Amino acid sequence: MIDIRKFVDMGQLQQLQDTFSDATGLAAITVGVDGNHLTEGSNFTDFCARYTKGSEEGARRCERCSNECSNGACLCHAGLMEFSYDITVGGEKIGAVTGGQVLTAAPDEEKFREIARELGIDEDTYIKALKKVPVRDEKSVRASAVLLGTIINMMINLRYLQHVNGDRIEVFNNELNGITRNITKAKSLMGDLHNTATMEHILSLNANIEAAKAGKAGVGFAVVAREIGELSKQSGSVYDEIERLVSEIQDSVDKIDRAGAMED
């Protein structure tokens with residue numbers, strides 16, 4: 001499960017949420033996929049949290065509304081406009097931004113007194129809390145909610161890509177350094193191979209000289225000398241091919257390294 005807190009600055013997310021709430025008057029809060037709060041609530045009033053949800057019946061109705069309004073904007077049982085928009089990364093839901101809790105028209109006081117009675121709440125206290133709830137045009141509430149959901153999704157997806165690519169770049173750099181070290185070792189081994197080929201060539205020449213001095217007695221020795229000479233030639237060819245391949249790999253690594261430096 002993707003944890004937003006691992007790659008998003010919660011302070012920046014909180015600031016974005018607070019700014020949105022101050023500008024629109026809508027309450028807002030960001031939660032993880034488990035429902036736990038990732039940010040502090042912005043511009044929430046006591047009307048819902050303390051009173052509407054404060055009774056057993058109110059909590060039951062609010063839960064039903066939350067289930068019915070799982071991704072979008074809608075009116076709750078108490079007549080307030082609420083919204084909830086999923087936060088997704090790669091098609092996976094990793095959280096949600098929820099809020100709203102505003103009236104879309106001047107409240108019918110008698111209707112809310114009836115709701116208070118149904119919930120077992122003191123009517124006057126309920127109406128007093130109701131008067132602190134902002135009134136916003138429904139169309140603007142829906143548009144603002146979509147805007148917030150879109151912005152937060154864009155922000156979180158961008159941070160996630162930066163986080164993932166940052167890890168990939170670190171792995172890439174580590175592997176590139178490993179390749180560079182191995183190339184250095186290969187060049188050292190090539191030097192040893194070159195020295196071996198040279199020694200084989202010298203041994204072949206010496207063996208031919210000694211075989212010539214020995215005449216017929218050195219015929220067998222001459223055969224060995226020729227074999228050593230062939231091995232020397234083969235070793236030289238293998239060395240040249242390895243040197244060519246290592247040089248090509250080194251050139252490729254240098255190009256990749258320069259490209260990475262330019263991006264930085």
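Located above this text is the structure these notes cover.
In this report, the structure presented in the accompanying data block is examined. Because the structure is predicted, anything quoted here is derived from the model rather than measured. (Residues numbered from 1 in each chain as written. Predicted model: local features only at pLDDT ≥ 70, side-chain atom pairs only at ≥ 80, totals over all residues. Heavy atoms only, no water.)

Right, let's talk about the layout of surface pockets for a bit. Estimates place the volume of the largest pocket at around 630 Å³. If you trace the largest pocket, you find 27 residues lining it, with Lys53, Ser66, Phe83, Ser84 and Thr98 closest to the centre. Those elements giving two or more residues to the lining of the largest pocket turn out to be β1 (27-32), α2 (46-52), α3 (56-68), β2 (72-75), β3 (81-89) and β4 (92-102). Looking at which element gives the most residues to the lining of the largest pocket, the answer is β4, with five residues. Within the lining of the largest pocket, the residues separate by chemical class into 14 nonpolar, nine polar and four charged. (1 Å grid on protein atoms, 1.4 Å probe; cavity = no way out; pocket = protein on both sides within 12 Å on 5 of 7 lines; lining within 4 Å. Points joined across faces, edges and corners; volume = space filled by probe spheres on them. Helix = DSSP H or I, 4+ residues; strand = E, 2+ residues; numbered from the N terminus. Nonpolar A, V, L, I, M, F, W, Y, C, P; charged D, E, K, R; others polar.)

The next subject is the packing of aromatic side chains. Counting across every chain of the model gives four aromatic pairs. Judged by centre distance (6.2 Å) and plane angle (65°), the rings of Phe47 and Phe112 are edge-to-face. Taken together, the residues span a long stretch of sequence, with Phe47 in helix α2 and Phe112 in helix α4 (residues 109-119) at a distance of 65 residues. Neither Phe47 nor Phe112 differs from the other in exposure class; each is buried. Judged by centre distance (6.3 Å) and plane angle (40°), the ring pair of Phe83 and Tyr85 falls under tilted. Residues Phe83 and Tyr85 agree in their burial class; the two are buried. (Phe/Tyr/Trp six-rings, centres within 6.5 Å; stacked < 30°, edge-to-face > 60°. Buried < 20%, exposed > 50% of the residue type's maximum accessible area, 1.4 Å probe, protein only.)

The next point concerns the environment of Cys76. As for its position among the elements, Cys76 is in the loop between β2 and β3. For Cys76, a relative accessible area of 11% translates into the label buried. With 14 residues separating them in the primary sequence, Cys76 and Cys62 have C-alpha atoms 7.3 Å apart. Here Cys76 is in contact with Cys65 and Glu82, once residues within four sequence places are set aside. (Contact = heavy atoms within 4.5 Å.)

Strand order across the open sheet formed by four strands is β1-β4-β3-β2, with antiparallel pairing between neighbours. For this open sheet the edge positions go to β1 and β2, each flanked by a neighbour on one side alone. Between one strand axis and the next, the sheet turns by 20° as a mean value, whatever way the strands run. Where β1 lies against β4, six bridges are found, and the strand directions are antiparallel. The residue bridging Gly32 from the neighbouring strand is Gly95, located in β4. Against the sheet, helix α1 (residues 10-24) contacts β1 and β3, and its axis sits at roughly 155° relative to β1. (Pairing = 2+ DSSP bridges. Axes fitted to C-alpha atoms, helices over the stretch in contact; angles between N-to-C directions.)

Turning our eyes to something else, we now look at the side chain of Gln14. In this structure, Gln14 sits in helix α1. Setting aside residues no more than four positions away along its own chain, Gln14 makes contact with Thr39, Glu40 and Ser42.

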